[in-house]
Amino acid sequence: MNSQTNQLEGYSVELIKLIHQRLEQELGKPIKLELQEVSLEERFQLIKDGKIDIVCAATTINNDREKVVYFSIPFFTTGIQLLVKKTDAEKFNPIKGTREKISIGLLEGTTTEQEFRPIYPNANWQTVTNRTEGINQLSEGKIDAIASDGILLLGAIWQQNKNFSEFALIPKIPFTFENYGCILPLENSDWDKFVDTTIASDKNTQLLHQWFDPKKGKFPYESFR
């Protein structure tokens, strides 16, 4: 949500609009599009109850979730990375880095602790309630890094109107890989195929470049797709 315009925006919003546009073309008639925010807790239930038809957001595809909803083919791949000040990046180089203990911010209620702690067993781990708080602590020098999905860290920088060039995501290839997919109802194969076809289309590839091209995108990030 853009705090200045009070409008939903971002790559996922543009993907939904592309799906809507192609659906109108396919059916040859206008289709009403209603965008709404949903919480992490309610998104699956809203799909199951038929109250919404699709959720395209940072939702990782996994086997447990596939028992209650259908996932589209992946539209984005990211993974756990460290956001650091660009001037501090060498601290985390295992060859050149400092031997001093580093402080890493960790989000509550995520799998990052279980999957990521062993990589830096001697780090001073600090719990933060959200990425915004973590980035503020990073900017103020209270922590040396914050760990989360790389693309979500970039989004938090953008929401705070901070300068991308002041930060770095390390390593370039994430420590883990998370495939994001759109959430869809079970047993609706025509809708599933239509969404999958849109995600695989050249139009969506163009959208990905507009948002994530490493040199020209709004969020310069390698999507690993």
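Quantities reported herein were computed from a predicted structural model and do not represent experimental measurements. (Residues numbered from 1 in each chain as written. Predicted model: local features only at pLDDT ≥ 70, side-chain atom pairs only at ≥ 80, totals over all residues. Heavy atoms only, no water.)

(A) Spatial organisation of the nonpolar core. In this structure, Ile-54 and Leu-83 are the most contacted members of the largest nonpolar core, which totals 37 residues. Only helix H1 (11-27), helix H4 (131-139), helix H5 (150-159), strand S7 (167-170), helix H6 (189-199) and helix H7 (202-212) provide two or more residues apiece to this core. At six residues, H1 tops the list of elements feeding residues into this core. Residues in contact with Leu-83, not counting those within four places in the same chain, are Ile-135, Leu-138, Asp-144, Ala-145, Ile-146, Leu-153, Ile-157, Phe-167, Ala-168 and Leu-169. Counting residues in hydrophobic clusters, the runner-up holds 15 residues, among them Leu-82, Val-84, Phe-92 and Ala-168. (Core = buried A, V, L, I, M, F, W, Y, C linked by side-chain atoms within 4.5 Å. Buried < 20%, exposed > 50% of the residue type's maximum accessible area, 1.4 Å probe, protein only. Helix = DSSP H or I, 4+ residues; strand = E, 2+ residues; numbered from the N terminus. Contact = heavy atoms within 4.5 Å.)

(B) Focus on the environment of Trp-158. With respect to the element layout, Trp-158 can be found in helix H5. Taking relative accessible area as the criterion, Trp-158 reaches 32% and is therefore assigned partly exposed. For Trp-158, the contacting residues outside a window of four places in its chain are Glu-9, Phe-164 and Phe-219.

(C) Molecular detail of H1. Here H1 is 17 residues long and its end C-alpha atoms lie 24 Å apart, about the 24 Å a rise of 1.5 Å per residue gives. Here the buried face of H1 lies against H6 and H7. Gly-28 lies just past H1 and shows a positive phi near 70°. (Expected span 1.5 Å × (residues − 1).)

(D) Spatial organisation of the side chain of Ser-201. Among the structural elements, Ser-201 can be located in the loop between H6 and H7. Note on Ser-201: relative accessible area 14%, which makes it buried. In this structure the side chain of Ser-201 is engaged in a polar contact, spanning 2.6 Å, whose partner is the backbone oxygen of Thr-198. (Polar contact = N/O pair within 3.5 Å; in protein donor to acceptor, adjacent residues only side chain to side chain.)

(E) Representation of the packing of H1 against H6 within the structure. Contact geometry of H1 with H6 gives a least axis separation of 10 Å together with a crossing angle of 120°. H6 is crossed by H1, and the crossing has right-handed handedness. Of H6, the residues touching H1 (which contributes Leu-15, Leu-18, Ile-19, Arg-22, Leu-23 and Glu-26) are Trp-191, Phe-194, Val-195, Thr-197, Thr-198 and Ile-199. (Axes fitted to C-alpha atoms, helices over the stretch in contact; angles between N-to-C directions. Left-handed = near helix turned anticlockwise from the far one by under 90°.)

(F) Molecular detail of the side chain of Thr-59. Turning to its location among the elements, Thr-59 is positioned in the loop between helix H2 (43-48) and strand S1 (70-71). Thr-59 gets classed as buried once you look at its relative accessible area, which sits at 0%. With residues up to four places along the chain from it excluded, the contact list for Thr-59 reads Arg-43, Phe-44, Arg-65, Phe-71, Asn-179, Tyr-180, Gly-181 and Ile-183.

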